[in-house]
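Working through the structure, step by step
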Amino acid sequence: MGPHPAVAAIRLAVRRVLHDILNDLYAVGDQHAVGDHHASAEQRPHEGPPSPLVLVACSGGADSMALASALAFEAPKLGLRAGGVTVDHGLQPGSDLRAEEVVLRLRELGLDPVESTAVSVGREGGPEAAARDARYAALDAAAARHGAIAVLLGHTRDDQAETVLLGLARGSGTRSLSGMAAVSGADGRYRRPFLELDRQTARKACMVQSLPVWDDPHNADPAYTRSRLRHEGLPALEKALGKGVVEALARTAQLSRDDADALDTWARQAEASVRDAAGLLECAKLYALPPAVRRRILRQAAIEAGAPAGSLFARHIEEVDRLITGWRGQGAINLPGKVVAQRQGGRLVIRQG
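Looking at unusual backbone geometry
Residue Pro113 is reached from Asp112 by a cis peptide bond, and omega for that bond is 5°. Note that Pro113 resides in the loop between helix H4 (95-108) and strand E3 (114-118). The phi dihedral of Asp187 falls on the positive side, at around 55°, and the residue is not glycine. Structurally, Asp187 can be placed in the loop between strand E5 (183-184) and strand E6 (190-191).

Structural notes on helix H8 (residues 199-208)
For H8, the complete set of buried residues consists of Arg199, Thr201, Ala202, Ala205 and Cys206. Looking at the buried positions of H8, the neighbouring elements they touch are helix H1 (5-27), helix H3 (62-74), helix H6 (157-170) and helix H9 (225-241).

Structural notes on the environment of His89
Looking at the secondary structure, you find His89 in the loop between strand E2 (81-88) and H4. In this structure His89 comes out as buried when scored by relative accessible area, which is 18%. Between the C-alpha atom of His89 and that of Leu177, which follows or precedes it by 88 residues, the distance is 28 Å. Setting aside its immediate chain neighbours within four residues, His89 contacts Val119, Val121, Ala131 and Arg135. Within polar-contact distance, the side chain of His89 engages the side chain of Arg135 at 3.0 Å.

Description of the confidence of the model for the protein chain
The share of residues in the protein chain with pLDDT of 70 or more is 93%, and the mean pLDDT across the chain is 89. Confidence over residues 30-45 falls short of pLDDT 50; this stretch has 28 contacts with residues more than four positions distant or in other chains.

Notes on the sheet that holds strand E7 (residues 281-282)
Strand order in the open sheet made by the four strands is E7-E10-E9-E8, with antiparallel pairing throughout. Each edge of the open sheet carries a strand with a single partner, namely E7 and strand E8 (333-335). Pairing of E7 with strand E10 (residues 347-352), which is carried by two bridges, proceeds in the antiparallel orientation. Along E10, the bridge assignment pairs Leu281 with Leu348.

Comments concerning the sheet that holds E5
Reading across the sheet, the six strands line up as E3-E2-E1-E4-E6-E5 and stay open at both edges, with mixed pairing between neighbours. Edge positions in the sheet fall to E3 and E5, since each has one partner strand and no second. Where E5 meets E6, two bridges bridge the pair, whose relative direction is antiparallel. Paired with Ser184 across the strands is Tyr190, a residue of E6. Against the sheet, H3 engages strand E1 (53-57), E2 and strand E4 (150-152), with an angle of about 160° to E1. The strands touched by helix H5 (residues 127-146) within the sheet are E1, E2, E3, E4 and E6, with E2 carrying the most contacts at an inclination of about 145°.

A look at helix H13 (residues 314-325)
Over its 12 residues, H13 extends 16 Å from the first C-alpha to the last, a length consistent with the 16 Å expected when each residue adds 1.5 Å. In the core, the buried residues of H13 are packed alongside helix H11 (283-287), helix H12 (291-304), E8, strand E9 (339-344) and E10.

Some points on the pairing of E3
Where E2 and E3 come together, five bridges link them in parallel fashion. Residue pairing in the sheet places Thr86 in a bridge with Ser116 of E3. Following the backbone out of E2, through H4 and into the adjacent parallel E3, one traces a crossover that is right-handed.

A few points about the environment of Pro3
Structurally, the position occupied by Pro3 is in the segment before H1. Distance in space between the C-alpha atoms of Pro3 and Ala205 is 9.8 Å, their sequence separation being 202 residues. Sequence-distant contacts of Pro3, defined by excluding residues within four places in its chain, comprise Ala8 and Arg11.

Cut-offs and rules
- Residues numbered from 1 in each chain as written.
- Predicted model: local features only at pLDDT ≥ 70, side-chain atom pairs only at ≥ 80, totals over all residues.
- Heavy atoms only, no water.
- Helix = DSSP H or I, 4+ residues; strand = E, 2+ residues; numbered from the N terminus.
- Buried < 20%, exposed > 50% of the residue type's maximum accessible area, 1.4 Å probe, protein only.
- Contact = heavy atoms within 4.5 Å.
- Polar contact = N/O pair within 3.5 Å; in protein donor to acceptor, adjacent residues only side chain to side chain.
- pLDDT = per-residue confidence, 0-100.
- Pairing = 2+ DSSP bridges.
- Axes fitted to C-alpha atoms, helices over the stretch in contact; angles between N-to-C directions.
- Expected span 1.5 Å × (residues − 1).
- Right-handed = clockwise from strand over helix to strand, strands pointing away.

Written out as structure tokens, the structure is:
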């Protein structure tokens, strides 16, 4: 008799991602680092360098504990080492003790190395964004410290649906509606195996494996936008529209991502054709482009001039775009990062100060 369907589902999702990671590693000609991926690290302790390491980011919640258990089961079969990192945000009393408990649980699953890393959460962008920035910085540092080839994240289809709705509320365009990518970060470091699995499957997998889980009180705190959306917004949508809203939003994310990727490629290819010999953007040539392509070029130009990507919203780009499409002699447009955009002699100049 095989494993419970929920356990089988999470293991299959992780197995597929681990195969992808190995294929990517082979594709860049790093066969020597991988070695014989059919032999476990324990079977060949004296043969060359250690097996490649994959880390799991684990909060102790059901999603990430399910992910950790599946990684611990699948990685040795492919000749990979499995480790774990838990991030202590320091936002709740006893968070350091909770982090120590997570470390113990990960070690009990057989993960090695395992560590807890404490971070200081700032205030920029709001509490949720600041915590996320601190967390990813810590995970980047841990991956570099241990030489990990990938970090697995436990985001589920439910998280994806919430992310799409948050993007919709911000009115940030196709890229925002595309939600979280299955592969992201420097060199594709971050992998999200559970984006096609629902949260209930992960929780069920923990229950049938008798894995203790920790429910973060922040996830139920109405002070946080995502928490309100999870406990009030999505249930209201399902009540009004029927079941299947989460699945539909997740499909929307993938379709939006495909569209956004295609438009980004078009914009990169078109950019050189709208610059003059001095490298300045020509307004007439920009005007001739489809708006979706033109605005991508404008956004990238603003970022290259020093505008922080996270602070650059659709309304900023729309104001700059009006220098191209609705020129009435208006003055310079001030953008985040002390970047200024202005029209001069048929050229669009975007620079700091």
